[in-house]
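Chain residues, written in single-letter form:
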Amino acid sequence: DSKGEWIYEKLGKGEKLSMEEQKHLIHAYMATVSFVDEQVGKIIQELKSHDMYDNTIIVLWGDHGWHLGDHNMWGKASNFEQATRSPLILSAPDLEQRKTSNPSAFVDIYPTLCEMAGLSLPDHLEGESLMKIMNNESTKPYAVSQYTRDQKMGYAVRDKRYRYVSWVEEGFHVNPEADLSKTTDVQLFDYEKDPLETVNFANHPEYDTVLKQMESKLHSFYKQLTLINE
């Protein structure tokens, strides 16, 4: 609405929002979630009315999360948890209902759907099927995301407990051969001790081993991209 546009204009200028303006944005966000929920319900009811529900695979996901004032941010543009964590719900006949906290990535959705539908997988895929995770037979060690800041690319590695972000002077695009020595800043968040990401533990000596482990995962990600593109 016009009020919402005016509020975002203030944000664009770096101005602070009043409590009323913050509530207005949060209310609008909650309203959109309720609206989408209603539409999903309509689709499910339509499938049931045509006797198709028990023979249909349903996947519901959002392409990003959304900051609602945390980190003094309103939107999706960051490498923080609130922006990179998003809903992923899969429903299919004979699939047992359960939740998992395992990391996953959107590149995993296609191979998962192929396996669920009994289709063969191409050799060039970056992702992997989540079926074993959904059946509680396997785990995935980490997922990778990225976003830019100040002309730098931030590569984030997230496992069950930590998020490691390496900011690299490599422009706005993925570079499989990025020179990690050009890293200008490193962040490490511990979600057991600090779920709201208020402390960067990268400079804490007791986290040296964790830093090396997370950096190794990032190296593996770069190697994987290089192999896929060859």
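For the structure, see preceding data.
Here the structure is a predicted model, which means the values were calculated and not measured.

Engineer: Would you mind showing me how to read the environment of Asp 37 here?
Structural biologist: Take Asp 37: it is sitting in helix α2 (residues 19-49). Considered as a pair, Asp 37 and Leu 130 are 93 residues apart in the sequence and their alpha carbons are 24 Å apart.

Engineer: So what exactly am I meant to see when it comes to the sheet that holds strand β6 (residues 152-158) here?
Structural biologist: Adjacent strands of a sheet pair through backbone hydrogen bonds, lying either parallel or antiparallel. Read from one edge to the other, the open sheet built from 4 strands follows the order β5-β6-β7-β8, with strand pairing classed as antiparallel. Whereas interior strands pair on both sides, the edge strands pair on one side only; in this sheet they are β5 (143-149) and β8 (183-190). Sheet twist, expressed as the mean angle between neighbouring strand axes with direction ignored, is 20 degrees.

Engineer: Would you take a moment to explain α2 for this structure?
Structural biologist: Residues three or four positions apart in an α-helix share a direction because the helix packs 3.6 residues into each turn. The terminal C-alpha atoms of α2, which comprises 31 residues, lie 45 Å apart, in line with the 45 Å expected from a rise of 1.5 Å per residue. Along α2, the positions that sit buried rather than exposed are Glu 21, Leu 25 and Leu 47. Positive backbone phi, approximately 55 degrees, marks Asp 51, located one or two places after α2.

Engineer: Where do I start with unusual backbone geometry in this structure?
Structural biologist: Leave glycine aside and you will find that most residues have negative phi; peptide bonds, for their part, are mostly trans. Despite not being glycine, Asp 51 shows a phi value in the positive range, around 55 degrees. The topology assignment puts Asp 51 in the loop between α2 and β1 (58-61). Classification of Asp 51 as exposed rests on a relative accessible area of 71%. One non-glycine residue with positive phi stands out, namely Glu 197, at about 55 degrees. Relative to the assigned elements, Glu 197 resides in the loop between β8 and α6 (208-229). For Glu 197, a relative accessible area of 7% gives the class buried.

Engineer: How do you make sense of the packing of aromatic side chains when you look at a structure like this?
Structural biologist: Each aromatic ring pair is summarised here by two numbers: the centre-to-centre distance and the angle between the ring planes. Under the counting rule described, the total for this entry stands at 3 aromatic pairs. Taken together, a centroid distance of 5.8 Å and an interplanar angle of 55 degrees make the contact between Phe 80 and Phe 189 tilted. Taken together, the residues Phe 80 in the loop between β3 (74-75) and α3 (81-84) and Phe 189 in strand β8 connect sequence positions 109 residues apart. An identical accessibility class is assigned to Phe 80 and Phe 189; each is buried. Between the aromatic rings of Tyr 162 and Tyr 207, the centroid separation amounts to 6.3 Å while the plane-to-plane angle is 85 degrees, which identifies the pairing as edge-to-face. You can see Tyr 162 sitting in strand β7 (residues 162-168) and its partner Tyr 207 sitting in the loop between β8 and α6, a full 45 residues away along the chain.

Engineer: I tried to follow the pattern of salt bridges on my own but got confused; where do I start?
Structural biologist: Working definition: two side chains of opposite charge can pair if their charged atoms are close together. According to the stated counting rule, one finds 11 salt bridges in the structure shown. With its nearest N and O atoms 3.2 Å apart, the salt bridge here joins Glu 81 to Arg 85. Residue classification places Glu 81 among the buried positions, given a relative accessible area of 11%. The exposure class assigned to Arg 85 is exposed, which follows from its relative accessible area of 54%. The shortest N-O distance in the salt bridge between Asp 159 and Lys 217 comes to 3.0 Å. Of this pair, Asp 159 sits in the loop between β6 and β7 while Lys 217 is found in helix α6, placing the two residues 58 residues apart along the sequence. Exposure remark for Asp 159: the relative accessible area of 11% places this residue in the buried category. It is possible to trace a salt-bridge network through shared partners that takes in Glu 81, Arg 85, Arg 158, Arg 163 and Glu 197.

The rules behind each value
Residues numbered from 1 in each chain as written. Predicted model: local features only at pLDDT ≥ 70, side-chain atom pairs only at ≥ 80, totals over all residues. Heavy atoms only, no water. Helix = DSSP H or I, 4+ residues; strand = E, 2+ residues; numbered from the N terminus. Pairing = 2+ DSSP bridges. Axes fitted to C-alpha atoms, helices over the stretch in contact; angles between N-to-C directions. Expected span 1.5 Å × (residues − 1). Buried < 20%, exposed > 50% of the residue type's maximum accessible area, 1.4 Å probe, protein only. Phe/Tyr/Trp six-rings, centres within 6.5 Å; stacked < 30°, edge-to-face > 60°. Salt bridge = Lys/Arg side-chain N within 4 Å of Asp/Glu carboxyl O.

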